[in-house]
2 protein chains.
Amino acid sequence: MEVIRSKSNRLIKDTKKLHQKKYRKQSYLIEGWHLFDEACQAKAGIERVFILEEYVDRVVGDVPVTVVSPEILQELADSQTPQGIVAQLALPQATIPDTVTGKYLVLEDVQDPGNVGTMIRTADAAGYDAVFISDKSADIYSLKTLRSMQGSHFHLPVYRVAMEELLAQLKEQGIRILATTLSAQSIDYKEVEVTGSFALIMGNEGQGISPLVESQADDLVHISMPGQAESLNVAVAAGILLFSFI
Amino acid sequence: MEVIRSKSNRLIKDTKKLHQKKYRKQSYLIEGWHLFDEACQAKAGIERVFILEEYVDRVVGDVPVTVVSPEILQELADSQTPQGIVAQLALPQATIPDTVTGKYLVLEDVQDPGNVGTMIRTADAAGYDAVFISDKSADIYSLKTLRSMQGSHFHLPVYRVAMEELLAQLKEQGIRILATTLSAQSIDYKEVEVTGSFALIMGNEGQGISPLVESQADDLVHISMPGQAESLNVAVAAGILLFSFI
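These lines cover the structure that appears in this document, whether it is placed above or below. (Residues numbered from 1 in each chain as written. Chains lettered and ligands numbered in written order. Predicted model: local features only at pLDDT ≥ 70, side-chain atom pairs only at ≥ 80, totals over all residues. Heavy atoms only, no water.)

## A look at the nonpolar core
The following threshold applies: Only buried residues count toward a nonpolar core. Its members are Ala, Val, Leu, Ile, Met, Phe, Trp, Tyr and Cys residues joined through side-chain atoms within 4.5 Å. Only protein chains enter the accessibility calculation, which uses a 1.4 Å probe. A residue is then buried if its area is under 20% of the maximum for its type, exposed if over 50%, and partly exposed in between. Any two residues whose heavy atoms approach within 4.5 Å at even a single point are treated as in contact.
Counting residues in hydrophobic clusters, the biggest one holds 118 residues, and the most contacted among them are M202(A), F245(A), M202(B) and F245(B). Setting aside anything within four residues of it in sequence, one finds F245(B) in contact with K103(B), Y128(B), L178(B), Y189(B), V192(B), V194(B), F198(B), L200(B) and V221(B).

See below:
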């Protein structure tokens, strides 16, 4: 069995480029068995598997398998513990449907990959229909986002959008827009009655939602905080709201 | 004004040791103006300030100030952007009060510093009275935990405890123990009525709560998830429960 051990191998060098967003046009990488199993189940377009020799028998089906040394696997992975497998998947080309109806989470310019991944995972757990993420938010196909997302992008569609267009579409189709603020001037979430289709918008970690979103929202919502902390982590706030509104 | 520019300076070398838990017996480091301002407000025992020359005038009061070069400040800090200040604070020696009454968050063996910090911040926001954290949980005085905690340890006491002793004390004093599980066999949190004093226990990221906690809890609680994700991030789950129970 051929085992790639050289970092200067052309395939390894090309694959490693997928760590950078600019090269993730067609494909992206995942690491670890949990995500790989989810990818198989979701028929997620597995293009190639990089694997340690000892695990070769665990991969079944018609997929190109490249056996690599532990050092090379570490090169391709991002975490300290890639658990013996890195896989290259086809990047889904999600097009926003013409008609939207259901429960949606919208992320406006959320910067931290961990926050983006955690919020998509939470929306999945809470049974939301899709997530829209603004073009200035963190990329969902970085290994860091993928780690915190835990495979939720295989369960629900994640659409990358321009906020103006999304807001126009939501408005046109009569989807209620709930946007979260830090201001106590808005409505406390416990007093919000939610029925039918809606989109919950979470803003940037530092700045919150944009003036555009604030002006377009049907309801501005906050979480009353009886304690002394000035704010909540955005992913925690999203969790409280997402579960409160189902 | 003397400016320290050498990494081999004795004071810098000694201070840098505080990045390691084993050296944090008496003191710990914080970074950035937000935490420093909170520390001043909380009268948190500031032992020394390391600062860039341009910010010297911003530090008032009777505290030793050491001016350092940007390279040295970076050495002492952990983040990419320490914002011109690192301060050394006295480590609080918190002793658990003999009588506990109120609302508490308990972390059992939570490994990730970001999760620990975020949960303490959330408990602070929700107005809880204190946080108990098991001796196997991540250290709260690491720069990473401190960053996600955002100064909440200045607002509410955080006690490091042995779980057995804490559980015995809670039992003896009749404090209701709510422990979170991943099992749908337990009660959904929306059906739990909470009044009076209680302690909410969150378990380890992978394993959840220990068999000991499970056997001692008055109520085992879970968050029903209508979607496909297998679990929630522990800090998100804590946020949902902490705000639901106030």
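Still more to cover.
## Some thoughts on the relation of the copies chain A and chain B
For clarity, the cut-off: Each copy is superposed on the other by least squares, with the fit set by C-alpha atoms of residues at a pLDDT of at least 70 in both.
Expressed as a screw transformation, the operator carrying chain A onto chain B has a rotation angle of 180 degrees and an axial translation of 0.0 Å, and the superposed copies differ by an RMSD of 0.0 Å. Here the transformation between the copies is reduced to the relation of a two-fold axis. Most of the interface of chain A is mirrored in chain B, where 100% of its interface residues again form contacts.

## Remarks on the packing of helix 4 (residues 113-125) of chain B against helix 8 (residues 234-244) of chain B
Residue and element names in this part refer to chain B. Defined as follows: Fitting a line to C-alpha atoms yields each axis, with helices limited to the stretch in contact; the angle taken between N-to-C directions then spans 0 to 180 degrees. Each helix is a run of DSSP H or I of at least 4 residues and each strand a run of E of at least 2, with the numbering of both proceeding from the N terminus. Angles below 35 degrees are treated as roughly parallel, those above 145 as roughly antiparallel, those between 65 and 115 as roughly perpendicular, and all remaining angles as oblique. Here a crossing is called left-handed whenever its near helix is offset anticlockwise from the far helix by less than a right angle, and right-handed whenever the offset is clockwise. All residues other than Ala, Val, Leu, Ile, Met, Phe, Trp, Tyr, Cys, Pro, Asp, Glu, Lys and Arg, Gly among them, are scored as polar; the first ten of these are nonpolar and the last four charged.
At a minimum axis separation of 9 Å, helix 4 and helix 8 run at an interaxial angle of 10 degrees. In terms of orientation, helix 4 lies roughly parallel with respect to helix 8. Between helix 4 and helix 8 the crossing geometry is right-handed. Contacts between helix 4 and helix 8 involve N115, T118, M119, T122, A123 and A125 from the former and V234, A235, A238, G239, L242 and F243 from the latter. Across the contact of helix 4 with helix 8, the residue classes break down as eight nonpolar, four polar and no charged.

## Details of the packing of aromatic side chains
The test is simple: A pair of aromatic rings is counted whenever rings of Phe, Tyr or Trp (Trp by its six-membered ring) have centres within 6.5 Å, and the orientation is called stacked for planes under 30 degrees apart, edge-to-face for over 60 and tilted otherwise. We count a charge as sitting over a ring when the NZ of a lysine or the CZ of an arginine lies within 6 Å of the ring centre and within 35 degrees of the ring normal.
A complete count under the given rule lists 14 aromatic pairs over all chains for this structure. Ring geometry for Y104(A) and F132(A): centres 5.3 Å apart, planes at 55 degrees, overall tilted. Here Y104(A) is found in strand 6 (residues 103-107), whereas its partner F132(A) is found in strand 7 (residues 130-134), with 28 residues between them in sequence. The residues Y104(A) and F132(A) share a single accessibility class, namely buried. Judged by centre distance (5.7 Å) and plane angle (85 degrees), the rings of W33(B) and F36(B) are edge-to-face. Taken as a pair, W33(B) and F36(B) lie in helix 2 (residues 33-41) at a separation of three residues, close to a single helical turn. Taking NZ or CZ as reference, R58(A) lies 3.8 Å from the ring centre of W33(A), over its face.

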